[in-house]
Amino acid sequence: MEKILIITGGSKGLGLGLAKEYHKNGYRIISISRGIIEKFYAVEQYQCDLSNTETIESVVTEIFSHLDKNTTKALTLINNAGDLGTVNTIENISPKEIDYTIRVNLIAPLILSSLFIKLSKGWDCKKKILNISSGAAVNPYESWSLYCASKAGVDMMTKVLSKEQKGIKKGVKIVSIYPGIVDTDMQEKARSTPKENFKSVQRFIDFFEHGDLSSPEQVAQKIYQLEIAGKLKNGSILDVRNE
């Protein structure tokens, strides 16, 4: 019997940290991302730009064609891929940039979750969707309208889907996780934004200079520990810093 993790954005940052952590703990890893994970060969990789949402279905269908429900003990989807988007006030963000960010951060997780639930229907194994969200879902940051709005959408998706699945025998458990401030490309982008575009930029520079950022590996380990401790309950929204 095997444990399987399907993860988006698994080629770098927190996604790569999660892929390695779950692999270390006996999971078969399937990564969907724009980039390829180098020097980590025990992973099945599917290249897909999640902003091209019309391509997602064929990729997920292909993945499921290589899975066996009779030999699967646990099946997990982690919607991890995300983009901070253009950091600026909304009138200075182009329609094209708005469309791209919402596709990656919200539409793609909705499509992936829909397909995961549909294609794993009737499977007897433990099934779970972990949505990597953010405190930005509940805390408004000026110049982060795209990121804040899309993460709030991810949290509401978690709440709704968890209700839909609650009464279903062998249903999917859905959870949102706030990973805290992690040392990734997203944090680098935030702190390198000009102050005229992002009033809170100094706060993010301070996080970095004061050593307040967690490493992707540390956060991945915390998330996995919550998993094995049974704290990832259906419909829950967890901040790893409070656990």
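Residues numbered from 1 in each chain as written. Predicted model: local features only at pLDDT ≥ 70, side-chain atom pairs only at ≥ 80, totals over all residues. Heavy atoms only, no water.

Caption draft 1: Examining the pattern of salt bridges more closely. With the rule as written, the count across this model stands at ten salt bridges. Among the ionic pairs, Glu21 bridges to Lys24, the shortest N-O distance being 3.2 Å. Residue Glu21 and its partner Lys24 are located together in helix 1 (residues 13-24), separated by three residues, close to a single helical turn. Among the residues examined, Lys24 registers a relative accessible area of 59% and is labelled exposed. A salt bridge links Lys231 to Glu243, with the shortest nitrogen-to-oxygen separation between them at 3.9 Å. Of the two residues, Lys231 sits in the loop between helix 7 (216-228) and strand 7 (237-239) while Glu243 sits in the segment after strand 7, which places them twelve residues apart along the sequence. A relative accessible area of 45% places Glu243 in the partly exposed class. Salt bridges sharing common partners tie together Glu2, Arg28 and Glu44. (Salt bridge = Lys/Arg side-chain N within 4 Å of Asp/Glu carboxyl O. Helix = DSSP H or I, 4+ residues; strand = E, 2+ residues; numbered from the N terminus. Buried < 20%, exposed > 50% of the residue type's maximum accessible area, 1.4 Å probe, protein only.)

Caption draft 2: Up close: the environment of Asp239. If you trace the backbone, Asp239 turns up in strand 7. In this structure the C-alpha to C-alpha distance between Asp239 and Trp123, which are 116 residues apart in sequence, comes to 30 Å. In terms of polar contacts, Asp239 uses its side chain to reach the backbone amide nitrogen of Arg241, at 3.0 Å. (Polar contact = N/O pair within 3.5 Å; in protein donor to acceptor, adjacent residues only side chain to side chain.)

Caption draft 3: Molecular detail of the packing of helix 2 (residues 56-64) against helix 3 (residues 95-119). Close contact between helix 2 and helix 3 brings their axes to 10 Å; oriented N to C, the two are set at 35°. Crossing handedness for the pair helix 2 and helix 3: right-handed. Two secondary-structure elements touch here, helix 2 through Ile56, Glu57, Val60, Thr61 and Phe64 and helix 3 through Ala108, Ile111, Leu112, Leu115, Phe116 and Leu119. Considered class by class, the residues forming the contact of helix 2 with helix 3 number nine nonpolar, one polar and one charged. (Axes fitted to C-alpha atoms, helices over the stretch in contact; angles between N-to-C directions. Left-handed = near helix turned anticlockwise from the far one by under 90°. Contact = heavy atoms within 4.5 Å. Nonpolar A, V, L, I, M, F, W, Y, C, P; charged D, E, K, R; others polar.)

Caption draft 4: Structural detail: helix 6 (residues 201-209). Along helix 6, the positions that sit buried rather than exposed are Val201, Phe204 and Phe207. Viewed end-on, helix 6 has its buried residues packed into an arc of 115°, placing them on one side of the element. Each element contacted by the buried residues of helix 6 is listed here: helix 5 (185-191). A positive backbone phi angle near 70° is found at Gly211, which sits one or two residues after helix 6. (Arc of directions from axis to C-beta.)

Caption draft 5: Highlighting the packing of aromatic side chains. This structure, assessed with the given rule, holds twelve aromatic pairs. Residues Tyr141 and Trp144 carry aromatic rings whose centres are separated by 4.9 Å and whose planes lie at 50° to one another, so their mutual orientation is tilted. For the pair Tyr141 and Phe204, a centre-to-centre distance of 5.9 Å together with 70° between the ring planes defines the contact as edge-to-face. Taken together, the positions of Tyr141 in the loop between strand 5 (126-132) and helix 4 (145-166) and Phe204 in helix 6 put the pair 63 residues apart, joining distant regions of the chain. Like Phe204, Tyr141 is buried. Grouped by ring-pair contacts, the aromatic residues Tyr141, Trp144, Tyr147, Phe198, Phe204 and Phe207 constitute a single cluster. Above the face of the Phe208 ring, Arg191 is positioned so that its terminal group lies 3.8 Å from the ring centre. (Phe/Tyr/Trp six-rings, centres within 6.5 Å; stacked < 30°, edge-to-face > 60°. Lys NZ or Arg CZ within 6 Å of the ring centre and 35° of its normal.)

Caption draft 6: Spatial organisation of unusual backbone geometry. Look at Ser143: it is not a glycine, yet its phi comes out positive at around 80°. When you line up the elements, Ser143 lands in the loop between strand 5 and helix 4. Classification of Ser143 by relative accessible area gives buried; the value is 9%. Unusually for a residue other than glycine, Lys170 sits at a positive phi of about 60°. For Lys170, the position within the fold is in the loop between helix 4 and strand 6 (172-178). Relative accessible area serves as the criterion here: at 40%, Lys170 is assigned to the partly exposed category.

Caption draft 7: Inspection of a positive patch on the surface at higher detail. A contiguous patch of positive charge, built from Lys73, Lys126, Lys173 and Lys233, is present on the exposed surface. In this structure, Lys126 sits in strand 5. The exposure class assigned to Lys126 is exposed, which follows from its relative accessible area of 69%. (Patch = residues over 30% accessible without salt bridge, like charges linked within 9 Å, V, L, I, M, F, W, Y side chains within 5 Å. Areas by Shrake-Rupley, 256 points an atom, 1.4 Å probe, with all protein chains shown as cover. Lys, Arg positive; Asp, Glu negative; His and termini not counted. Charge placed at Lys NZ, Arg CZ, Asp CG, Glu CD.)

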